[in-house]
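Analysis of the macromolecular model
As a plain string of letters, each chain reads:
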Amino acid sequence: PADFNAGATITMYDGVIGNVLFADLNANGMKDAGEPGIPNVTLELLDAAGLPAVDADGVPIPNVTTNGSGQYVFVGLMPGTYKVRVLAAELSAGGDLLGARISPIAGNPDDNRDEAVDQHLLTGFVTGPMTLSIGGEPTGEPDSSGLVPA
């Protein structure tokens, strides 16, 4: 048998960003026992510049929807810096998060708190940046999204 070399290199990326969107009933910025996940919320992955994230071929990463427990995951990500946005449509009339706000936690270095999340009523809620690297844990990851019903 002859050897065959097409001269192509295939690089597979397996970076993952995921978490849970939940109702932070006591506004402490952490998911505590009894605080329910929020299902059916559409999330968009953004790049460091705040533009829709793309894969290695330049194709936009598809939006995801939280499951029945409020969990979500973006898969197949390249190394880079990302943010997650709750779309503004989720915050308006007919949206699953009408009247929601971000938990008012600030200045705590605990990665399980959501102080890295900014509120943008016109553009949706946006997390702080999370950096993925090959063989590394995301840095700057806010472990909870911490939305609280108004």
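To start, this report covers the structure provided alongside it. From a predicted model like this one, the values you see are computed outputs, not experimental measurements. (Residues numbered from 1 in each chain as written. Predicted model: local features only at pLDDT ≥ 70, side-chain atom pairs only at ≥ 80, totals over all residues. Heavy atoms only, no water.)

Re the packing of aromatic side chains
As enumerated under the stated definition, the model contains one aromatic pair in all. Each ring, one from Tyr-72 and one from Phe-74, has its centre 6.2 Å from the other, and the planes form 70 degrees; the classification is edge-to-face. Across the pair, Phe-74 and Tyr-72 agree in class, each one buried. (Phe/Tyr/Trp six-rings, centres within 6.5 Å; stacked < 30°, edge-to-face > 60°. Buried < 20%, exposed > 50% of the residue type's maximum accessible area, 1.4 Å probe, protein only.)

A closer look at unusual backbone geometry
At Asn-40, a residue that is not glycine, the phi angle is positive and equals roughly 65 degrees. With respect to the helices and strands, Asn-40 occurs in the loop between strand S1 (15-20) and strand S2 (42-47). (Helix = DSSP H or I, 4+ residues; strand = E, 2+ residues; numbered from the N terminus.)

With respect to the pairing of strand S5 (residues 80-86)
Sheet topology note: the S2/S5 ladder contains five bridges and is antiparallel. Bridged to Glu-44 within S5 is Arg-85. Two strands pair when backbone bridges link them, and S5 and strand S8 (residues 130-132) are joined in this way by three bridges, in the antiparallel orientation. Residue pairing across strands places Gly-80 opposite Leu-132, the latter belonging to S8. The sheet contact formed by S5 and strand S7 (residues 125-126) spans two bridges and is antiparallel. Looking across to S7, one finds that Arg-85 is bridged to Val-126. (Pairing = 2+ DSSP bridges.)

As for the environment of Asn-26
Its place among the elements puts Asn-26 in the loop between S1 and S2. The exposure class assigned to Asn-26 is partly exposed, which follows from its relative accessible area of 45%. With residues up to four places along the chain from it excluded, the contact list for Asn-26 reads Asp-32 and Glu-35. In terms of polar contacts, Asn-26 uses its side chain to reach the side chain of Asp-32, at 2.9 Å. (Contact = heavy atoms within 4.5 Å. Polar contact = N/O pair within 3.5 Å; in protein donor to acceptor, adjacent residues only side chain to side chain.)

Some points on the environment of Ala-89
Mapped onto the elements, Ala-89 comes out in the loop between S5 and strand S6 (100-102). We classify Ala-89 as exposed; its relative accessible area is 56%. Sequence-wise, Ala-89 and Thr-42 are 47 residues apart; in three dimensions their C-alpha atoms are separated by 8.9 Å.

Brief notes about a nonpolar patch on the surface
Taken together, the side chains of Val-16, Val-73 and Val-75 make up a nonpolar region of the molecular surface, amounting to roughly 240 Å² of accessible area. Its location among the elements puts Val-16 in strand S1. Of the residues examined, Val-16 reaches a relative accessible area of 42% and is grouped as partly exposed. (Patch = residues over 30% accessible without salt bridge, like charges linked within 9 Å, V, L, I, M, F, W, Y side chains within 5 Å. Areas by Shrake-Rupley, 256 points an atom, 1.4 Å probe, with all protein chains shown as cover. Salt bridge = Lys/Arg side-chain N within 4 Å of Asp/Glu carboxyl O.)

Considering the nonpolar core
General note: in soluble globular proteins, nonpolar side chains tend to be found buried as a group. Ile-17, Leu-43, Leu-45, Phe-74, Leu-77 and Val-84 are the most contacted members of the largest nonpolar core, which totals 21 residues. Looking at this core, the elements that each hand over two or more residues are S2, strand S4 (71-77), S5 and S8. If we skip the residues at most four places from it in the chain, Val-84 touches Ile-17, Leu-43, Glu-44, Leu-45, Tyr-72, Phe-74, Phe-125, Val-126, Thr-127 and Met-130. (Core = buried A, V, L, I, M, F, W, Y, C linked by side-chain atoms within 4.5 Å.)

A look at the environment of Glu-44
Mapped onto the elements of the fold, Glu-44 is located in strand S2. As for Glu-44 and Phe-74, which are separated by 30 residues in sequence, their C-alpha atoms are 9.1 Å apart. Once you skip the residues sitting within four places of it in the chain, Glu-44 turns out to touch Pro-52, Asn-63, Phe-74, Lys-83, Val-84, Arg-85 and Leu-87. Within the structure, the side chain of Glu-44 is placed 2.7 Å from the side chain of Arg-85, a separation counted as a polar contact.

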